[in-house]
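# Close look at the chain arrangement
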Amino acid sequence: NQNNEVALNGIATSLYKENDFINSIKYYNKALSLNPSNQEIKNTIISIENEVENQKLNDAIKFYEAKDYVSANATISEILEKNPNNLYANYYKGVLLEEAQKYDDAISSYKKVLTIDPNYSLAHYGIGIILDNKENYEEAVKHYDKFLNLKALKKEADSYTDFVKNRVLELKKYLEGLKSANGAS
């Protein structure tokens, strides 16, 4: 019976348990249309939609790791179409753009990540790497420093942190040498 909220809710729950999230959401929405003030159903729909989005993101990461960049990009685009402020989808979009050597677009994606979460250290890392490769060393150092400061605040250290620490020392030494040479001329 399409007009029985309890029955629709039961069908939706059964579909959810079978991992048929799309149809589960459809039936929860039908149940919600009969009782629009049912906050429990609203919360359930949001929860399932988040679960679907997270699964798609995991799929995109798997595609990326398998070097299937076309599928990774399509999946990321699908996520961002529904949720343009998904932090991780925006980050991986930047990674994919960087992989495709679309560096300015990659920087834009990383900057979008930083508008969502200014403390997302890997976005600073990504920008730093691109600027470093473009020989914009002063700006690269700024982003590398932000990356290191955020890692230090979280008391995190990894191979990225070790690389950036060494690279910042090299770049600062190089930039000092340039300043000295320009000052001596």
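No experiment lies behind these values; they were computed from the predicted model shown.

The rules we used
- Residues numbered from 1 in each chain as written.
- Predicted model: local features only at pLDDT ≥ 70, side-chain atom pairs only at ≥ 80, totals over all residues.
- Heavy atoms only, no water.
- Axes fitted to C-alpha atoms, helices over the stretch in contact; angles between N-to-C directions.
- Helix = DSSP H or I, 4+ residues; strand = E, 2+ residues; numbered from the N terminus.
- Parallel < 35°, antiparallel > 145°, perpendicular 65-115°, else oblique.
- Left-handed = near helix turned anticlockwise from the far one by under 90°.
- Contact = heavy atoms within 4.5 Å.
- Nonpolar A, V, L, I, M, F, W, Y, C, P; charged D, E, K, R; others polar.
- Buried < 20%, exposed > 50% of the residue type's maximum accessible area, 1.4 Å probe, protein only.
- Salt bridge = Lys/Arg side-chain N within 4 Å of Asp/Glu carboxyl O.

### Notes on the packing of helix 7 (residues 121–133) against helix 8 (residues 137–153)
The axes of two packed helices give the description: the angle between them and the distance between them. Their axes nearest at 8 Å, the elements helix 7 and helix 8 cross at an angle of 155 degrees. Taken together, the axis directions place helix 7 and helix 8 in an arrangement best described as roughly antiparallel. Along this stretch, helix 7 crosses helix 8, giving a crossing that reads as left-handed. Where helix 7 abuts helix 8, its residues S121, L122, H124, Y125, I127, G128, I129, L131 and D132 lie against Y137, E139, A140, H143, Y144, K146, F147, L150 and K151. Within the contact of helix 7 with helix 8, the residues separate by chemical class into 10 nonpolar, four polar and four charged.

### Remarks on the environment of L114
In this structure, L114 sits in helix 6 (residues 103–116). Here L114 falls in the buried class, since its relative accessible area comes to 14%. Taking C-alpha positions, L114 is 8.1 Å from H124, a pair spaced 10 residues apart along the chain. Among all residues touching L114, those that are not within four sequence positions of it are Y120, A123, H124 and I127.

### Thoughts on the pattern of salt bridges
Counted under the stated rule, the structure contains eight salt bridges. For R167, the salt bridge identified is with D132, shortest N-O distance 2.7 Å. Taken together, the residues span a long stretch of sequence, with R167 in helix 9 (residues 159–184) and D132 in helix 7 at a distance of 35 residues. The same class applies to R167 and to D132, which are both buried. Here the residues in one salt-bridge network are D132, R167 and E170, joined through shared partners.

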